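Observations on chain architecture
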Amino acid sequence: MALEILSISPSATLQDVGRRASVAYGISAGGAMDQPALWHAASLLRDAAPVAAIECAGQGGTFRFTSPTRVALTGAEVRAKLNDTPVRAQSAFSVQAGDTLSISALTHGNYAYVSVKGGFAVPHFLGSQSNVPTLDTGPKLAAGMVLEYSPCAFAPPNCFHTGSGTTKITHCKPSHDPFRVIPGPQTGFFSQDTINLFFTTLFEKGNRGDRMGIEMHSTDTFSANNQSNIVSDFTQAGDIQMTGAGQPYVLMRDCQTTGGYPRIGTVVSVDLHRLAQLPAGHDIRFTSVTIDQARQLESAHHKNLMQLRGMVGPMVRHPKDIPNLLSYQLISGVISATDAKDDE
Amino acid sequence: MLHPTLHAFGTDGFLIRFGEDLTQDANTAAITCAEQLQDHCGTWAIEITSALISVLVRFNPSEISPQEAERALSQFIDAIDTKSLETTQGRRFSIPCCFDPEHAPDMQDFCTALNMSRSQVIDTLTSCSVSVLTLGFAPGQPYLGLLPEAFFTPRRSAITPQVPKGALVSAVQQLIIYAANNPTGWYHIGQTPVTCFEPKATPPNMFRAGDVLTFHACSASELKQYEAQLSPFEVVHGA
């Protein structure tokens, strides 16, 4: 009753929505880079709340299941197959003992999620199953690793996310929407001219980006007044810190809990998954919002996530969109073969 | 006396900051303020913790509105008895440390940077007490200080790719006991047998902000014994 990892990228981790009240231990909240992807998975799998999933970073992986369950693929768009049958992102499907899911590529986005119904039986640490960088508190995902789950024989038809409005599953498609930024305790360390320049500059997402942070490039440089004498202070995901080279570096889920680089502001939490999934080299603009506006964005976002369950529909595709239609085993995993036989 | 300021920190947090410079007073005030807030705030405060010169308070938006949380915290700041922020009630630890050259690869550079002799450095480190200013960088890793002003030296320009868990490193008038094998830009000047963070223990961190540490020199063979014989949490003794 387990998922066996046959292959996976070294930067893959297990992630749920993250830890709470962990900063006192010097541990950041962690959690999935694309948090809505976990909510999508929960709605597809009919789980009450998001659970820990395998976060595939940059590359896919190959996974074998030793007992029946439901699997959801969310986050980045992927090229993937269940045995020989293509499966798509933002969908859920049933697997049988011995089935192999192989994700050969992430086609849009940087983080893809593999979830099983009910989640994996992995110990919790500080209320979360997310891996902690530099600590072996949880399973280190690697080939040969086995993650236990409770079997689930219930096999409804394959389904996928229809989405609507802001919950539409389009956030892995690059957009030019600006990233919204709220002021923080160190915004006042920057001159108004520097702040104005920051919000009118066109940045490019750099090549260096991981769970700790993402670098940005522009031809301008940014620094705080008295930059080198700033006392280390609390940091959080979304913080835009100005490095010694004067370029912004946006802290992400596994950032350190304190840092000494000055921070001009914080990207609102509801935009962080979009930043995580954006390809390197893409344009980035920042726009200023108030903290009250950010709170309204968050509550609207949360309301949308709570309504996702109503937006799951059966998997129906137009035959013309399925070039290799005849190669499909169209009933695989859709209905239980033994039950049908018994009925006849 | 330092006048604390209140700042929004994200959409569900506030920061109370004591000035903009790291001083022993500002650090003690932050630690004590965090302790007082633990008693003062209701269940709405889901996280209260101090950094070098500030206190983070996270609130639960389903229990309290941001406006009410802000009002509660600014009333607390206005009514605060600044005298009560001047001393901490930390536990005391005595930590063995090996300063032998093989466990202190940067000691020579450190002495040169400070313009002090090796024995002056070791004498000072084993006679003064330092307090845990904050935990950070790695889980449970303590920043200790402040050392005498003569110990002010900037971080090194080159990064050491890895120092071992338990390493004692120093820069900017502070010491750190490394919680895990990690890179450092500070001077590696000794080795302790301390495990700062043990995920299976409750609580997992050995130290908390405000604890007071002293160091005593031990030999390389004593260090080995401490590391081999004692479980991480028995290496040092509280008083």
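1. Observations regarding helix α2 (residues 192-200) of chain A
Residues and elements named next belong to chain A. Within α2, the full set of buried residues consists of T194, I195 and F198. Seen end-on, α2 carries its buried residues on one side only, within an arc spanning 100 degrees. More than 90 degrees from the buried face of α2, the exposed residues found are Q192, D193 and T200. Tucked inside the fold, the buried residues of α2 contact β12 (203-209), β15 (239-242), β16 (248-251), β18 (263-267) and β20 (286-288).

2. Remarks on the pattern of salt bridges
Oppositely charged side chains are able to pair whenever their charged atoms sit close together. All names here are of chain A. The full count for this structure, using the stated rule, is 14 salt bridges over all chains. A salt bridge links D271 to R180, with the nearest nitrogen and oxygen atoms 2.7 Å apart. Taken as a pair, D271 in the loop between β18 and α3 (272-277) and R180 in strand β11 (residues 179-182) lie far apart in primary sequence, 91 residues in all. Take R180: its relative accessible area is 25%, and that puts it in the partly exposed class. Overlapping salt bridges, with partners in common, bring together E55, R211 and D254 in one network.

3. Overview of unusual backbone geometry
Here the residue pair G145(B) and L146(B) is connected by a cis peptide bond, since its omega of -15 degrees sits within 30 degrees of zero. Residue position: L146(B) is located in the loop between β7 (142-145) and β8 (160-163). At N83(A), a residue that is not glycine, the phi angle is positive and equals roughly 55 degrees. Following the sequence through the fold, N83(A) ends up in the loop between β5 (69-82) and β6 (85-87).

4. What to know about the sheet that holds strand β9 (residues 167-171) of chain B
All names here are of chain B. What the 7 strands build is an open sheet, ordered β5-β13-β6-β7-β10-β9-β12; its pairing is mixed. With partners counted over all chains shown, the strands left at the sheet margins are β5 (92-97) and β12 (187-191), one partner each. The sheet shows a mean angle of 35 degrees between the axes of neighbouring strands, direction not considered. Where strand β6 (residues 130-135) and strand β13 (residues 212-217) come together, 2 bridges link them in antiparallel fashion. Bridge pairing links V130 to L213 in β13. Of the strands in this sheet, β6 and β7 touch helix α1 (residues 24-40), which is tilted by about 60 degrees from β6. Contacts between helix α3 (residues 107-114) and the sheet are confined to β9 and β12, with β12 contributing the most and set at about 125 degrees to the helix.

5. Digging into the domain arrangement of chain A
Residues and elements named next belong to chain A. Domain assignment breaks chain A into domain 1 (2-164 + 310-343) and domain 2 (179-304). Opposite the 23 residues of domain 1 that make contact, domain 2 presents 17 residues. Counting each side, the surface lost to burial between domain 1 and domain 2 is near 1,500 Å², with a carbon and sulfur contribution of 54%. Between domain 1 and domain 2 we count 1 salt bridge in total. Note that R211 and E55 form a salt bridge whose closest N and O atoms lie 2.8 Å from each other. At the junction of domain 1 and domain 2, the tally comes to 12 residue pairs in polar contact (both at pLDDT 80 or more). Listing elements by their share of the side of domain 1 that touches domain 2, those giving two or more residues are β2 (13-15), α1 (35-45), β5 and β8 (100-116). Class assignment of the residues belonging to the side of domain 1 that touches domain 2 gives a composition of 10 nonpolar, 10 polar and 3 charged.

6. With respect to the interface of chain A and chain B
With 32 residues of chain A in contact, the opposing surface of chain B contributes 37 residues. Roughly 2,800 Å² is buried in total at the junction of chain A and chain B, and carbon and sulfur atoms are behind 62% of that figure. In this assembly, chain A and chain B are joined by 0 salt bridges. Where chain A touches chain B, the interface holds 8 residue pairs in polar contact (both at pLDDT 80 or more).

Conventions we followed
Residues numbered from 1 in each chain as written. Chains lettered and ligands numbered in written order. Predicted model: local features only at pLDDT ≥ 70, side-chain atom pairs only at ≥ 80, totals over all residues. Heavy atoms only, no water. Buried < 20%, exposed > 50% of the residue type's maximum accessible area, 1.4 Å probe, protein only. Helix = DSSP H or I, 4+ residues; strand = E, 2+ residues; numbered from the N terminus. Arc of directions from axis to C-beta. Contact = heavy atoms within 4.5 Å. Salt bridge = Lys/Arg side-chain N within 4 Å of Asp/Glu carboxyl O. Pairing = 2+ DSSP bridges. Axes fitted to C-alpha atoms, helices over the stretch in contact; angles between N-to-C directions. Domains from an automatic or database assignment. Buried area = accessible area lost by both parts, 1.4 Å probe. Polar contact = N/O pair within 3.5 Å; in protein donor to acceptor, adjacent residues only side chain to side chain. Nonpolar A, V, L, I, M, F, W, Y, C, P; charged D, E, K, R; others polar.

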